[in-house]
Protein chains: 2
Amino acid sequence: MSSNGFELPLRLLLAFRMLIDELHAELARQGHPDIRPMYGFVMQAIGPDGTTAVELGRALGVTKQAAGKTVDNLERIGYAERATDPRDSRRKLVRLTPRGMDALDRSARIFDTLRARWAAELGEDRLQALESDLRRMTPDNPWRLDIPGWFGAL
Amino acid sequence: MSSNGFELPLRLLLAFRMLIDELHAELARQGHPDIRPMYGFVMQAIGPDGTTAVELGRALGVTKQAAGKTVDNLERIGYAERATDPRDSRRKLVRLTPRGMDALDRSARIFDTLRARWAAELGEDRLQALESDLRRMTPDNPWRLDIPGWFGAL
DNA sequence: CATGATAGACAACCTGGTTAACTATATGGG
DNA sequence: CCCATATAGTTAACCAGGTTGTCTATCATG
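Residues numbered from 1 in each chain as written. Chains lettered and ligands numbered in written order. Predicted model: local features only at pLDDT ≥ 70, side-chain atom pairs only at ≥ 80, totals over all residues. Heavy atoms only, no water.

J.: Could you clarify how one ought to interpret the packing of aromatic side chains in this entry?
T.: Each aromatic ring pair is characterised by the separation of its centres together with the angle its planes make. For the structure on display, the rule yields six aromatic pairs over all chains. With 6.3 Å between their ring centres and 45° between their planes, Phe16 of chain A and Phe41 of chain A make a pair best called tilted. Here the residue Phe16 of chain A occupies a position in helix H1 (residues 7–29), and Phe41 of chain A occupies one in helix H2 (residues 37–46), the gap between them amounting to 25 residues. On the basis of relative accessible area, Phe16 of chain A is assigned to the buried category, the value being 1%. Here Phe41 of chain A falls in the buried class, since its relative accessible area comes to 4%. Taken together, a centroid distance of 5.4 Å and an interplanar angle of 75° make the contact between Phe111 of chain A and Phe6 of chain B edge-to-face. (Phe/Tyr/Trp six-rings, centres within 6.5 Å; stacked < 30°, edge-to-face > 60°. Helix = DSSP H or I, 4+ residues; strand = E, 2+ residues; numbered from the N terminus. Buried < 20%, exposed > 50% of the residue type's maximum accessible area, 1.4 Å probe, protein only.)

J.: Could you clarify how one ought to interpret the environment of Lys64 of chain A in this entry?
T.: Residues and elements named next belong to chain A. Here Lys64 lies in helix H4 (residues 64–76). Separated by twelve residues in the primary sequence, Lys64 and Thr52 have C-alpha atoms spaced 9.1 Å apart. Beyond its immediate chain neighbours, meaning those up to four positions away, Lys64 contacts Ala53 and Val54. (Contact = heavy atoms within 4.5 Å.)

J.: Where do I start with the protein's contact with DNA strand C in this structure?
T.: Around DNA strand C there are 25 residues in total, and Gln65, Lys69 and Ser89 of chain A together with Lys64 and Lys92 of chain B lie nearest to it. Sugar plus phosphate, as a fraction of atoms of DNA strand C within 4 Å of the protein: 60%. Broken down by secondary-structure element, the contributors of at least two residues to the surface near DNA strand C are H2 and H4 of chain A together with helix H3 (53–60) and helix H4 (64–76) of chain B. For the surface near DNA strand C, the leading source of residues is H4 of chain A, giving five residues. Along the lines of polarity and charge, the residues of the surface near DNA strand C split into seven nonpolar, nine polar and nine charged. (Near = heavy atom within 4 Å. Nonpolar A, V, L, I, M, F, W, Y, C, P; charged D, E, K, R; others polar.)

J.: Sorry, what's going on with H4 of chain B here?
T.: Since there are 3.6 residues in each turn of an α-helix, residues three or four apart along the chain are aligned in direction. Residues and elements named next belong to chain B. Its 13 residues give H4 an end-to-end C-alpha distance of 18 Å, which sits within 8% of 18 Å, the value for a rise of 1.5 Å per residue. Buried within H4 are the following residues: Ala67, Gly68, Thr70, Val71 and Leu74. Axial view of H4: buried residues confined to an arc of 165°, hence all on one face. Exposed residues on H4 whose side chains face more than 90 degrees from its buried face are Gln65, Lys69 and Arg76. Each element contacted by the buried residues of H4 is listed here: helix H2 (37–46), H3, strand E1 (80–84) and strand E2 (92–96). (Expected span 1.5 Å × (residues − 1). Arc of directions from axis to C-beta.)

J.: Any chance you could explain the protein's contact with DNA strand D here in plain terms?
T.: Around DNA strand D, a shell composed of 25 residues is seen, among which Lys92 of chain A together with Thr63, Gln65, Lys69 and Asn73 of chain B lie nearest. For DNA strand D, the fraction of atoms within 4 Å of the protein that belong to sugar or phosphate moieties is 61%. A distance of 2.6 Å separates a phosphate oxygen of DNA strand D from a polar atom in the backbone of Lys92 of chain A. Here a phosphate oxygen of DNA strand D sits 2.6 Å away from a polar atom, N or O, in the side chain of Thr63 of chain B. Secondary structure elements with two or more residues in the surface near DNA strand D: helix H3 (53–60) and H4 of chain A together with H2 and H4 of chain B. A per-element tally of the surface near DNA strand D places H4 of chain B first, with five residues. The class makeup of the residues in the surface near DNA strand D is seven nonpolar, eight polar and ten charged. (Polar contact = N/O pair within 3.5 Å; in protein donor to acceptor, adjacent residues only side chain to side chain.)

Below, the structure is given as structure tokens:
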């Protein structure tokens, strides 16, 4: 069975999906029921210091318009806010609200918990080997995700 | 770095994405430029014997309407066809066309090649360990993917 | 034969993506 | 100093793929 090349991508996707589903179930339990799968990546890309729509689009590998729409949604549910840059009035700084920060912090902690569950199941050494192998097979630059919306779009 | 829980899902996704991108680049090179990332999963779910929209939806974890729309698209680009079931005229059998079959066959071979590349890089034993660990952490039933469109939708 | 279950189609809507066109602001060179 | 160009953001129109809800046609059964 392990010689079937189709299984590898499938398992990678299932594993990813499981982690993300568990993350969101837990986030919902902790008071963030409105987070969509994508938002975590977007908030991570916004980061604690804020960014702009154009930079965000570049970071996520989507157009500035798409990035803008997503920020609209984050703004609508109270996780991000926009403010004009005083030093360049073309730019609008996108920053996380305290609620957004909270969601981001909790996500990080939940991911750590989930990783610990994997370590308990597989053993820390096996998990580190797995992470190391994945790191070896994937691009170095962890950012420039290109992720949201890629599936089904490209 | 490997104690950062955020890296695991990210690497899983990047690895998946890489494989899928390489698959589609190679499929395009081999005469199938119109395949979208999802179609591979859908064609795999249709299988060599055909299925119906309802069954397909169940297999993919989406509604029958969504499955129907996707079949519309596969039909449009000549990879699937529909025919009324002679034994139950409510049902419409969805089958792959020869072109669809060809794409599916090539996909399987390309995935095998990609897996071989991973084996060459990581060693067959490490790769088998990786697959085995992923298998251990993900649901048993390989089908019922629940995949297409899940990201961004749920 | 009437009733209920099932398959499919259609419409309206949502999200997240795209291109394209437009406005407003910076910036740098004649 | 001013104009040309580049950049940030918005808006609009579209697409893909998903959802619910409704409707019709067919099957199967009491």
